[in-house]
Amino acid sequence: FAQINIEPKFYIGQILNHSGKLTHLIKGYCTLSEFAISKQTTGRSYWEIKRHYPLIGISLFYGTMGNPEILGNTLSIIPRIDFSVWKPESKFRIRFGPGIAYLTKKFDLISNPTHTAIGSHLNLTGQLQFFTSFPVKKNISMNGGVGIFHYSNGAYKLPNLGINIYAVNIGISFLKPTEISYKKPDSVSFTKTKEIINLRTGI
């Protein structure tokens, strides 16, 4: 049986002022609420062993951007993966994932002409987070960290300066109480390969 992790989180942060055209939009703190479900990998594939048995899951976010009249709110869904940095039992992890976001406010020449950041309701989003956890009980742990969220439509509809939110967070994890049997590297058949770096760009 796979280990299931249920995780509510709360974030508070600020929009990163990466362009002078955004200065007038930054009014207050941003907040994000997350509900996440993830599954513990156990080494069935060699990449799971090599990457220290990551967690694979999906997160649902609801957020405010500190300027409800112009920027509105956001609802997003992000599939993501959590990597342990040093070893499987390490409490320090890196989380990232791309997803889809709906922004309630966008640029409109008539009704919202000062929204210089985003020109569409539907956007791509991404999450990068560094966090650590602290056990409370056998199957419950607290966690906290820092991260950044990005919103952009890929310039399919202008303007598209994008919105970046850097935030700190605190959360709690509830683990399904099941025993996990991690497979050893020598128990999984695989083809030995070299590490490569693959750089891509596209339109």
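Residues numbered from 1 in each chain as written. Predicted model: local features only at pLDDT ≥ 70, side-chain atom pairs only at ≥ 80, totals over all residues. Heavy atoms only, no water.

Could you give me a rundown of the environment of V85, with the residues and numbers involved?
When you line up the elements, V85 lands in the loop between β4 (73–84) and β5 (92–103). The partly exposed category is assigned to V85, whose relative accessible area is 32%. Aside from chain neighbours lying at most four places away, what touches V85 is H52, F92, R93 and I94. (Helix = DSSP H or I, 4+ residues; strand = E, 2+ residues; numbered from the N terminus. Buried < 20%, exposed > 50% of the residue type's maximum accessible area, 1.4 Å probe, protein only. Contact = heavy atoms within 4.5 Å.)

Describe the confidence of the model for the protein chain, naming the residues involved and giving the relevant values.
When pLDDT is averaged along the protein chain, the result is 88; 89% of the residues meet or exceed 70. Looking across the protein chain, the model is least confident in helix α1 (residues 46–50), with a mean pLDDT of 82, and most confident in strand β3 (residues 55–64), with 96. (pLDDT = per-residue confidence, 0-100.)

Please set out the pairing of β4 residue by residue, giving values where relevant.
With ten bridges connecting them, β3 and β4 associate as antiparallel partners. Counterpart to G63 in the pairing with β4 is T74. In this sheet, β5 lies alongside β4 in antiparallel orientation, the contact comprising eight bridges. Among the inter-strand pairings, I77 is bridged to a residue of β5, identified as I100. (Pairing = 2+ DSSP bridges.)

Which residues make up the sheet that holds strand β6 (residues 122–137), and what values go with them?
Spatially, the eight strands close up into a barrel ordered β1-β2-β3-β4-β5-β6-β7-β8, and their pairing is antiparallel. Neighbouring strand axes in the sheet, compared pairwise and without regard to direction, differ in orientation by 25° on average. Inspection of the sheet shows strand β7 (residues 140–152) paired to strand β8 (residues 163–175) by twelve bridges, in the antiparallel sense. Bridged to G145 within β8 is N169. (Axes fitted to C-alpha atoms, helices over the stretch in contact; angles between N-to-C directions.)

Outline the pairing of β8, listing residues and values.
Where strand β1 (residues 4–15) lies against β8, nine bridges are found, and the strand directions are antiparallel. When the sheet's bridge partners are listed, G13 is paired in β8 with A167.

A description of unusual backbone geometry should follow, citing residues and the corresponding values.
Here the residue pair L158 and P159 is connected by a cis peptide bond, since its omega of 0° sits within 30 degrees of zero. With respect to the helices and strands, the residue P159 is situated in the loop between β7 and β8. Positive phi, close to 65°, is recorded for H52, a residue that is not glycine. Tracing the backbone shows H52 in the loop between α1 and β3. A residue is classified by how much of its surface remains accessible, and H52, at 22% relative accessible area, is partly exposed. Phi at Y53 is positive, roughly 55°, even though this residue is not glycine. We classify Y53 as buried; its relative accessible area is 9%.

Which residues make up the nonpolar core, and what are the values?
A general feature of soluble globular proteins is that nonpolar side chains tend to end up buried together. In this structure, I15, M65, L71, L103, Y151, I163 and I165 are the most contacted members of the largest nonpolar core, which totals 20 residues. The set of elements that each furnish at least two residues to this core consists of β1, β2 (30–40), β5, β7 and β8. Sequence-distant contacts of Y151, defined by excluding residues within four places in its chain, comprise L32, M65, T74, A101, L103, I118, L124, T125, G162, I163 and I165. (Core = buried A, V, L, I, M, F, W, Y, C linked by side-chain atoms within 4.5 Å.)

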